[in-house]
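Below are the chains, spelled out letter by letter.
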2 protein chains.
Amino acid sequence: MSKRLFSFIGGSIGSWRVISTHALVGEQLPIVDRFDIVDGADAAAVPGTRWHLRGTTSNARYVARTEQDELNARQPPLARVEAAYGAFIPVRKTAAWWVLAQDQRRRIFEESSHHVRVGLGYLPKIARRLHHCRDLASAEPFDFLTWFEFAPADTGAFDEMLATLRATEEWEYVDREIDIRAVLDAGSA
Amino acid sequence: MSKRLFSFIGGSIGSWRVISTHALVGEQLPIVDRFDIVDGADAAAVPGTRWHLRGTTSNARYVARTEQDELNARQPPLARVEAAYGAFIPVRKTAAWWVLAQDQRRRIFEESSHHVRVGLGYLPKIARRLHHCRDLASAEPFDFLTWFEFAPADTGAFDEMLATLRATEEWEYVDREIDIRAVLDAGSA
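To keep things clear, this report deals only with the structure shown in the data block. (Residues numbered from 1 in each chain as written. Chains lettered and ligands numbered in written order. Predicted model: local features only at pLDDT ≥ 70, side-chain atom pairs only at ≥ 80, totals over all residues. Heavy atoms only, no water.)

### Topic: the packing of aromatic side chains
Here is step 1: Per the counting criterion, the structure on display carries 28 aromatic pairs over all chains.
Here is step 2: Taking 5.9 Å as the distance between ring centres and 40° as the angle between the ring planes, the aromatic pair formed by phenylalanine 35 of chain B and phenylalanine 88 of chain B counts as tilted. Separated by 53 residues along the polypeptide, phenylalanine 35 of chain B in strand β3 (residues 34-39) and phenylalanine 88 of chain B in strand β5 (residues 85-93) bring together distant segments of the chain. You'll find phenylalanine 35 of chain B and phenylalanine 88 of chain B in the same group, each marked buried.
Here is step 3: Between tyrosine 62 of chain B and tryptophan 97 of chain B, the ring centres sit 6.2 Å apart and the planes meet at 70°, which makes this aromatic pair edge-to-face. In this pair, tyrosine 62 of chain B sits in the loop between β4 (51-56) and α1 (65-74) while tryptophan 97 of chain B sits in helix α2 (residues 95-98), placing the two residues 35 residues apart along the sequence. For the pair shown, tyrosine 62 of chain B and tryptophan 97 of chain B are each scored as buried.
Here is step 4: Cluster of aromatic residues (ring-pair linked, three or more members): Phe8, Trp16, Phe35, Trp51, Phe88 and Trp147 of chain A.
Here is step 5: We note arginine 129 of chain A situated over the ring of phenylalanine 6 of chain A; from NZ or CZ to the ring centre the distance is 3.7 Å. (Phe/Tyr/Trp six-rings, centres within 6.5 Å; stacked < 30°, edge-to-face > 60°. Helix = DSSP H or I, 4+ residues; strand = E, 2+ residues; numbered from the N terminus. Buried < 20%, exposed > 50% of the residue type's maximum accessible area, 1.4 Å probe, protein only. Lys NZ or Arg CZ within 6 Å of the ring centre and 35° of its normal.)

Dropping the structure here:
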């Protein structure tokens, strides 16, 4: 099994207690009380599982060297003690996006939508890990699973970042997006 | 299961009869008499299978719009009647390649190595389908599976194309490459 593969498993158990589940575009996911994030895809069947989404971390697809160096210098790790809030945001892009050539997708992603530049403005407050689902062997309901962690006091900044990104040209190519907010609650999981 | 997923299954049966198996760099694959190319990953176990490699077609990662338009206009389909020869070339790239940023990989791929421009010079003689393995859920031995079909009379042109590509900066990042040549022999498969 790939070491870069992660599963997000939603149901009645898990370290993350769900606060809200908002479908911004496209079909909603079943509402769950809790979810877990585990290594690998083949987690043992857990009673009460309502959704099980998989994705793999991969090489960056649009980021230039100078941008990557800035990201590397400023992005925080996951699992910081103060980062008790999580946001799990699965996203699917349209067929129209995927038939664009690389230079067209890059132009929309950064020169038009400033995806990296916007994100950099919220570092090191917001930790992020991106998972790709599109090239898994299984047919997956999303193209990306994005995972964010931040301190409760940075919720406003996080919401501002999302609002900025969702108003961009890039987001015209998003046809399914669910925003699941959660609080770390491992003790009673 | 993803509709873009294909399996290459080598052993004692299959529509493609192997002529030669050449390890250019890295570990050789077991030598087989024949192989088949099938939709999906979960082909029933076939007696005598020596290797089973999977990959998914995906969006292009480096090709610009103008290049893609030229490719679309000139690239032939698979399964042409005259294209009785096949070449199955699984390739793995180094960790050093995968940590490069997108602009660095693009520069090496095209501005330095002219991967698209070289390939265009051999169209419409050579048909090609590229499969990605790196982001499958399973740990795969190669990053790409490339598949080519051409008429026997175009073997010299195909070899010339490969020699040109293998001399480029891009190929300095290849750490495993096997070149399996085959002839279509479906009747006696």
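### Re the relation of the copies chain B and chain A
Here is step 1: The two copies are related by a screw motion: chain B maps onto chain A through a turn of 180° and a shift of 0.0 Å along the axis, at an RMSD of 0.0 Å. Both copies of the chain, as the preceding transformation shows, are related through a two-fold rotation axis. For chain B, the minimum C-alpha distance to the rotation axis belongs to leucine 136 of chain B and amounts to 2.1 Å.
Here is step 2: Here 100% of the interface residues in chain B have copies in chain A that are interface residues too; the copies meet face to matching face. (Least-squares fit on C-alpha atoms with pLDDT ≥ 70 in both. Contact = heavy atoms within 4.5 Å.)

### A short note on unusual backbone geometry
Residues and elements named next belong to chain A.
Here is step 1: Along the chain, leucine 123 connects to proline 124 via a cis peptide bond; the corresponding omega equals 5°.
Here is step 2: As for its position among the elements, proline 124 is in the loop between α4 (115-120) and β6 (127-132).
Here is step 3: With phi around 55°, histidine 114 is a residue other than glycine that occupies positive phi space.
Here is step 4: Inspection of the secondary structure assignment puts histidine 114 in the loop between α3 (102-112) and α4.
Here is step 5: The exposure class of histidine 114 is partly exposed, given its relative accessible area of 25%.

### Overview of helix α1 (residues 65-74) of chain A
Residues and elements named next belong to chain A.
Here is step 1: Of the residues making up α1, those classed as buried are Glu67, Gln68 and Leu71. Taken end-on, α1 shows its buried residues confined to a sector of 100°, consistent with a single buried face. Structural note: α1 exposes Thr66 and Ala73 on the side pointing more than 90 degrees away from its buried face.
Here is step 2: Close packing links the buried residues of α1 with α3 and α4. (Arc of directions from axis to C-beta.)

### So, the interface of chain B and chain A
Here is step 1: Counting from both sides, the interface comprises 28 residues of chain B and, opposite them, 28 residues of chain A.
Here is step 2: Taken together, both faces of the contact between chain B and chain A bury some 2300 Å²; the carbon and sulfur share is 44%.
Here is step 3: The largest contributions to the chain B side of the interface with chain A come from Arg65, Asp135 and Ala137 of chain B, which together make up 26% of the buried area.
Here is step 4: Viewed at the interface, chain A and chain B are joined by four salt bridges.
Here is step 5: With a shortest N-O distance of 2.6 Å, aspartate 135 of chain A and arginine 61 of chain B are connected by a salt bridge. (Buried area = accessible area lost by both parts, 1.4 Å probe. Salt bridge = Lys/Arg side-chain N within 4 Å of Asp/Glu carboxyl O.)

### Some words on the environment of alanine 182 of chain A
Residues and elements named next belong to chain A.
Here is step 1: With respect to the element layout, alanine 182 can be found in strand β8 (residues 174-184).
Here is step 2: The sequence separation of alanine 182 and lysine 3 amounts to 179 residues, and the corresponding C-alpha distance is 25 Å.
Here is step 3: If we ignore the near neighbours within four places in the chain, the residues touching alanine 182 are Trp16, Arg17, Val18, Ile19, Phe35, Ala84, Tyr85 and Gly86.

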